[in-house]
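Residues per chain are reported as follows:
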Amino acid sequence: MPALRESDAAFALEGVTRAFGEVRAVDNVSLTFARGRTSILIGSSGSGKSTVLRLLLGLEWPDAGVVLCDGDRLRRDALPEVRRRVGYVIQDGGLFPHLSVLANLALLPRHLGWHAARVRERASELSELTHLHANLLTRFPAELSGGQRQRVALMRALMLDPPTLLLDEPLGALDPLVRHGLQDELREIFGRLGKTVIMVTHDLAEAAFFSRRLILMRRGRVVQDGSLDDFRIAPADAFVREFLAAHRSLPGAAT
Ligand code: ADP
Ligand code: MG
């Protein structure tokens, strides 16, 4: 693959470090995220995946290094504009429990001055896209299943039709059947909409299902950046082998 020019990248980190006390949550990380592609951040809990997303959104600031958005250094005064162009789903979905689905979806658009009718129209478009029954728009989050709540979190991230989506373990809390179905749907949606997607997961099968580009993190560093085949054929170190081995396949039928 030819080297990516900075201007082709939706986001980039250059030598970024972010520490919390003694812990380097992100430790001298350089990454480029291509426009229109899905990239996966994968790694054990505590490896720095969520912090990378938070740095891209300016919810954290680097202690060293720079974050680039569309080729420009991320600046505090540009954050409102950046956040308008980036849909973000936080780890547990982050829906406000005291607001109906529609009111959750309406928060940002209303803040930007959309009329209620426009919000309703967009919500109904997205309920079709994400297969959330439109009857559910008046419910509260607690009245939805886990899968439905994740659909709503995704809808909320898509309200402004942002070119980029940052998704932090969007399917993490779901049971296997629901998760499997949503994986199919999400992949289809990402492909169809042509979004730049940066998604966090700790599940290798899910990672490989969504993208050929997996970024494996450990203790704030990028251990390997490549496809699942690269990981298998040329693991960067013993940890990569260990990480692959930790994802068991189903045992054979008992004899
Ligand atoms: P992951 O998403 O891969 O589980 P995180 O990026 O959330 O990992 O965290 C990486 C490390 O940084 C962990 O050790 C975590 O405890 C620490 N960390 C993250 N955010 C904070 C914070 N706001 N304050 C203190 N420590 C933090
Ligand atoms: Mg996390």
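Please refer to the structure higher up on the page.
Quick look at the structure, then. What you are looking at is a predicted structure, and each value in this text was computed from that prediction instead of being measured.

Helix and strand content of the chain: nine helices and 10 strands. Taken along the three principal axes of its C-alpha coordinates, the chain extends 60 × 55 × 40 Å. Evaluated residue by residue, the chain yields a buried proportion of 46% over its 255 residues. Counting every atom, the chain has about 13400 Å² of accessible surface; 51% of that belongs to carbon and sulfur. Put simply, the chain has 33 plus and 30 minus side-chain charges, and the middle of one group is 2 Å from the middle of the other.

With that out of the way, let us pick up the site of ligand 1. Taken together, Phe20, Val23, Ala25, Ser44, Ser45, Gly46, Ser47, Gly48, Lys49, Ser50 and Thr51 make up the full set of residues adjacent to ligand 1. At a separation of 3.1 Å, an oxygen atom of ligand 1 approaches a polar backbone atom of serine 47. At a separation of 2.8 Å, an oxygen atom of ligand 1 approaches a polar side-chain atom of serine 50. About the coverage of ligand 1: the protein hides 60% of its 560 Å² of free accessible area. Of all the secondary-structure elements, those providing two or more residues to the shell around ligand 1 are strand 2 (23-34) and helix 1 (49-56). No other element matches the three residues that helix 1 contributes to the shell around ligand 1.

Definitions and cut-offs
Once a new chain begins, its residue numbering starts again from 1 and follows that chain's sequence as written. All chains are assigned letters beginning with A, and all ligands numbers beginning with 1, in the order in which they are written. Residue-level local features of this predicted model are given only where pLDDT is at least 70; pairs of side-chain atoms are given and counted only at 80 or more, and the full residue set underlies all totals for whole chains, interfaces and linings. Water and hydrogen atoms were dropped before computing side-chain values, which therefore reflect all heavy atoms in the structure. Going along the chain from the N terminus, every DSSP run of H or I of four or more residues is numbered as a helix, and every run of E of two or more is numbered as a strand. Relative accessibility under 20% of the residue-type maximum defines a buried residue, over 50% an exposed one, and the middle range a partly exposed one, all with a 1.4 Å probe and only protein chains included. All accessibility values rest on the Shrake-Rupley procedure with a 1.4 Å probe; residue burial counts only the protein chains present in the view. Residues counted as positive are Lys and Arg, residues counted as negative are Asp and Glu, and His and the chain ends are not counted. Where a charge lies is defined by one atom per residue type, namely NZ (Lys), CZ (Arg), CG (Asp) and CD (Glu). Proximity is defined per residue: if any heavy atom of the residue lies within 4 Å of a molecule or strand, that residue is considered near it. Think of a polar contact as two N or O atoms within 3.5 Å of one another; within protein, one of them needs to be a possible hydrogen donor and the other a possible acceptor, and neighboring residues in sequence only count if both atoms come from side chains.

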